[in-house]
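A structural walkthrough
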Amino acid sequence: MEKLKKKFGKKIFPEPAEETPVVVPEKKEVLPNIKIVPLGAGQDVGRSCILITIGTKNIMVDCGMHMGYQDDRRFPDFSYIGGGGRLTDYLDCVIISHFHLDHCGSLPHMSEIVGYDGPIYMTYPTKAICPVLLEDYRKVQCDIKGETNFFTSDDIKNCMKKVIGCALHEIIQVDDQLSIRAFYAGHVLGAAMFEIRVGDHSVLYTGDYNMTPDRHLGAARVLPGVRPTILISESTYATTIRDSKRARERDFLRKVHETVMKGGKVIIPVFALGRAQELCILLESYWERMALNVPIYFSQGLAERANQYYRLFISWTNENIKKTFVERNMFEFKHIRPMEKGCEEQPGPQVLFSTPGMLHGGQSLKVFKKWCADPLNMIIMPGYCVAGTVGARVINGEKRIEIDGKMHDIKLGVEYMSFSAHADAKGIMQLIRQCEPKHVMFVHGEAEKMEFLKGKVEKEYNIPVHMPANGETCVIEVEPKMDIRVPLEKINKSIALDPNPSKLECPFVAEIVYDQEKETLDVMPTTRLVETEDFMRISLSLSEIIKVIKIDWNQIAADLIIYDPNLQQKNDGIEMFHGEITLLANNEKGTELEVIWDESREGWARVVRSSLLRYASPEQTPPPEPQEPPQEPIPVQA
Ligand SMILES: [Zn+2]
C-alpha cells in the first residue's frame, strides 16, 4: 500500500482470475523532466538566450545581445551554465533562431571569449547573414564608439566555423538521442522555429515569428503532427490584435507624404534586412503612383547586400516575390537610391531609411541627432525598441534625451507604427491551437502582457502556461509514455471477434501503477496487483429481466456465439465470458429471461441485451433502443 500513492491511467478492464497477463511492460521508465531557464528574454524583450534540459541533454537556444546596455550586462550570464565549468562539457548544442542581434549578438563572445567548441546550428540564410550583421555591429562599437574590450573580426570568423547549416524540415541528429528540426517562421529571411527532441519529449522554440504573410515573406508554418511537450513562444505583441495591415500601410504613406509636402525630412530607422525591404517596396510603388520626386535614400551598401541575399535564398520568400523575381528584381528600386555622403545635410525634403533600427548607435543615431530639433521633420519607428535604447525613449515621448553626454531637444514628430513581424495575440493562440502542446511557456515579452495572454490560454485551452523570469528554473514534469507489447495472437483474436471490423482496437487488461518513491511505472495484471498489494477485489453483479414469448436456448446460443466463441450452453441457460455474463430462465413458463452480468462486462452486457430484445414479447416496455457494440476496448478471452 505504501508504495501506491498515486495511480495513473484508467482501469481498462479487470481480467478473469485465471487469465495470464496480456500486457508486457517493455521497460520501467524513469520519468524524465524538462528544465528550462531563461538567461535572457525571461519576462523581457531583448537578449534571447534560453537553456533547455531534456533528460540528460542540455541545449542553448539563441545567444542574443541586449541593445539597452553598453557593459557586460548586454551578454547573457554564461557563468550560470553548468556551474561555471567549460561550456563545451556541459552543452550538447547551441541553436540560433534568426539573425537579429538580440538573438545571435553574443555568439562570438560566447564561443571565442568565454569558450565553446561544440556544434552551433542555424538555417543557411541565417548562417550567411549573421556574420555580416555581427561585423556591422562590431564596427559601430569599436570604430565609432571606441570600445576595446569587444570581439574582433577574427572572433566572428572563428565562431562561424563552428556553425552547421540546416535546411527546413530536415531532421538533424545531434547525437544518438538528441535531434533537431527547423520550421519556417516568417519574421525575417531565414528565421526558423526549432523542434528539439529527446526520446518521446520535445520542445518547440519559436524564436520570433509571424502567423500572417507580409509583402516579402510567408507565414510561419509547422508541419501537421508536430505535438511538442512544451511550446516556448515569443510574446512581444501578446496583448495586441493589430489593426488591419492595409490601414497601417495607408497611415504610414500618408504620414510620410504629409511631412515631405511641408518640406520636412523623414527618418525611418530599420534593421538591414526584413522590415526595411517591405517598407521600401511599399514606398517605391507609392512614389510611382503619386509621381513624387522627393529623394528616398537607403543606408549605403545595405540595399545591394540585401538584394544579394534575397536572390540567394529566394525559396525562403513568399510566392509573390518568387514569381516576380523572374521578370523583375523586386529589390531593384527606381526611386530609392543608396545614400550619398552628406545627403542628410541637403536642404529640402527627403526620406531616409537608416540602420540600426533601435537608434542604439551608428548612422541612424547620427542623423537623428542632426534632425531631431526641427519640428518640420519626422521620425517613424517601424518596430519594437528594447528598453534603454534611444529608440525606446523616443517612442515613450521623451522631449529631452541625453545622447553621448549631450542633451538633445526632441521637437520632430514621432510616429510609432508596429511593422515588425511578430505574432500578435491572435497568431500566438493560432499556433497553440495548431500544435496542441502539453505546456506553453512565454518568453520575449513584458510580464504584464504575458500575464494577460497566460490567462487567456489557460482559460480557453486548459493548458498550463509558464513565464519564468531570467535565471528562474522552470521544471516541467512530463507525463510518462510507455511502450506496451501485446501478442499478435491476441490482436488477431480481438479483430476476429470485433463485430465492427473497422474498429481496430486491441483490448487488454491491466493496471498501470506508479511508484512515487522509485519514480517508476509498471504495468501489471489486476490479479497480480490484488495479490501483491493486499487489495481486496470486489465484484458487483447486475441483472435485468426481459419478457419474452418463448426461450429457445439453441437459437439464442447461435446468436451470441459471434461475441464469445467459447460460450457455454447449459440445459437451463447460457454462460458467456467465463460466467461473467449468465442467461437464465426466471420462471417456469419460460416467458422471462434473466441476464446477469459482472459490472466489468457492462459494455458486452449491453450488446447481449440488445441482441436478445428480438425475442421480447410485445408487452416488453420500454421499447428497445438499438444498441451499438461497446465503444471501449473489447475483452478477449485467453
Ligand atoms: Zn527578431
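Residues numbered from 1 in each chain as written. Predicted model: local features only at pLDDT ≥ 70, side-chain atom pairs only at ≥ 80, totals over all residues.

- Per an unreviewed UniProt entry, the chain goes by the name Integrator complex subunit 11 and belongs to Caenorhabditis nigoni.
- Under Sequence similarities (unreviewed entry), UniProt gives the following word-for-word description of the chain: "Belongs to the metallo-beta-lactamase superfamily. RNA-metabolizing metallo-beta-lactamase-like family. INTS11 subfamily."
- Under the UniProt heading Cofactor (unreviewed entry), the note attached to the chain is "Zn(2+)". (UniProt positions renumbered as here; feature names shortened; annotations may be inferred.)

**Looking at the overall build of the chain**
- Scanning the chain from N- to C-terminus turns up 17 helices and 32 strands.
- When the 638 residues of the chain are sorted by exposure, 40% land in the buried category.
- Within the chain, residue pairs in contact and separated by at least 24 positions form 71% of the contacts whose partners lie at least 6 positions apart. (Helix = DSSP H or I, 4+ residues; strand = E, 2+ residues; numbered from the N terminus. Buried ≥ 20, exposed ≤ 12 C-beta atoms within 10 Å, placed from the backbone. Contact = placed C-beta atoms within 7 Å.)

**Digging into the packing of helix 3 (residues 107–115) against helix 5 (residues 153–161)**
- Packing of helix 3 against helix 5 leaves a shortest axis separation of 9 Å and a crossing angle of 90°. Our classification of the angle between helix 3 and helix 5 gives roughly perpendicular. From helix 3, L107, P108, S111 and E112 reach across to helix 5, where they touch D155, I156, N158 and C159.
- When its residues are assigned to classes, the contact of helix 3 with helix 5 shows 4 nonpolar, 2 polar and 2 charged. (Axes fitted to C-alpha atoms, helices over the stretch in contact; angles between N-to-C directions. Parallel < 35°, antiparallel > 145°, perpendicular 65-115°, else oblique. Nonpolar A, V, L, I, M, F, W, Y, C, P; charged D, E, K, R; others polar.)

**Thoughts on unusual backbone geometry**
- Residue P356 is reached from T355 by a cis peptide bond, and omega for that bond is -5°.
- Looking at the secondary structure, you find P356 in the loop between strand 17 (350–354) and helix 10 (362–371).
- Even without being a glycine, Q43 presents a positive backbone phi close to 50°.
- On the neighbour-count criterion, Q43 (21 C-beta atoms within 10 Å) is buried.

**Quick notes on the sheet that holds strand 17**
- Within the open sheet, the 6 strands sit side by side as 16-15-17-14-18-21. Their pairing is parallel. Either end of the sheet is taken by a strand with one partner, and the two such strands are strand 16 (336–338) and strand 21 (413–416). When strand polarity is set aside, the average angle formed by the axes of neighbouring strands in this sheet is 20°.
- Both strand 15 (residues 296–298) and strand 16 contribute to a ladder of 3 bridges, which runs parallel. By the bridge assignment, I296 is partnered in strand 16 with I336.
- Its contacts with the sheet place helix 10 against strand 14 (265–269), strand 17 and strand 18 (378–381), and it is angled at close to 150° to strand 14. (Pairing = 2+ DSSP bridges.)

**Let's talk about the environment of G348**
- In this structure, G348 sits in the loop between strand 16 and strand 17.
- Classification of G348 as exposed rests on a count of 10 C-beta atoms within 10 Å.

**Section: the sheet that holds strand 31 (residues 581–585)**
- The strand order 28-32-31-30-29 describes an open sheet built from 5 strands, whose pairing is antiparallel. The sheet is open, and its two borders are formed by strand 28 (541–547) and strand 29 (568–570), each paired with just one other strand. For this sheet the average axis-to-axis angle between neighbouring strands, irrespective of direction, equals 15°.
- Most of the contacts of helix 16 (residues 553–560) go to strand 30 (residues 573–576), to which it runs at about 15°, and overall it touches strand 29, strand 30 and strand 31.
- Its contacts with the sheet place helix 17 (residues 602–612) against strand 28, strand 30, strand 31 and strand 32 (592–598), and it is angled at close to 170° to strand 32.

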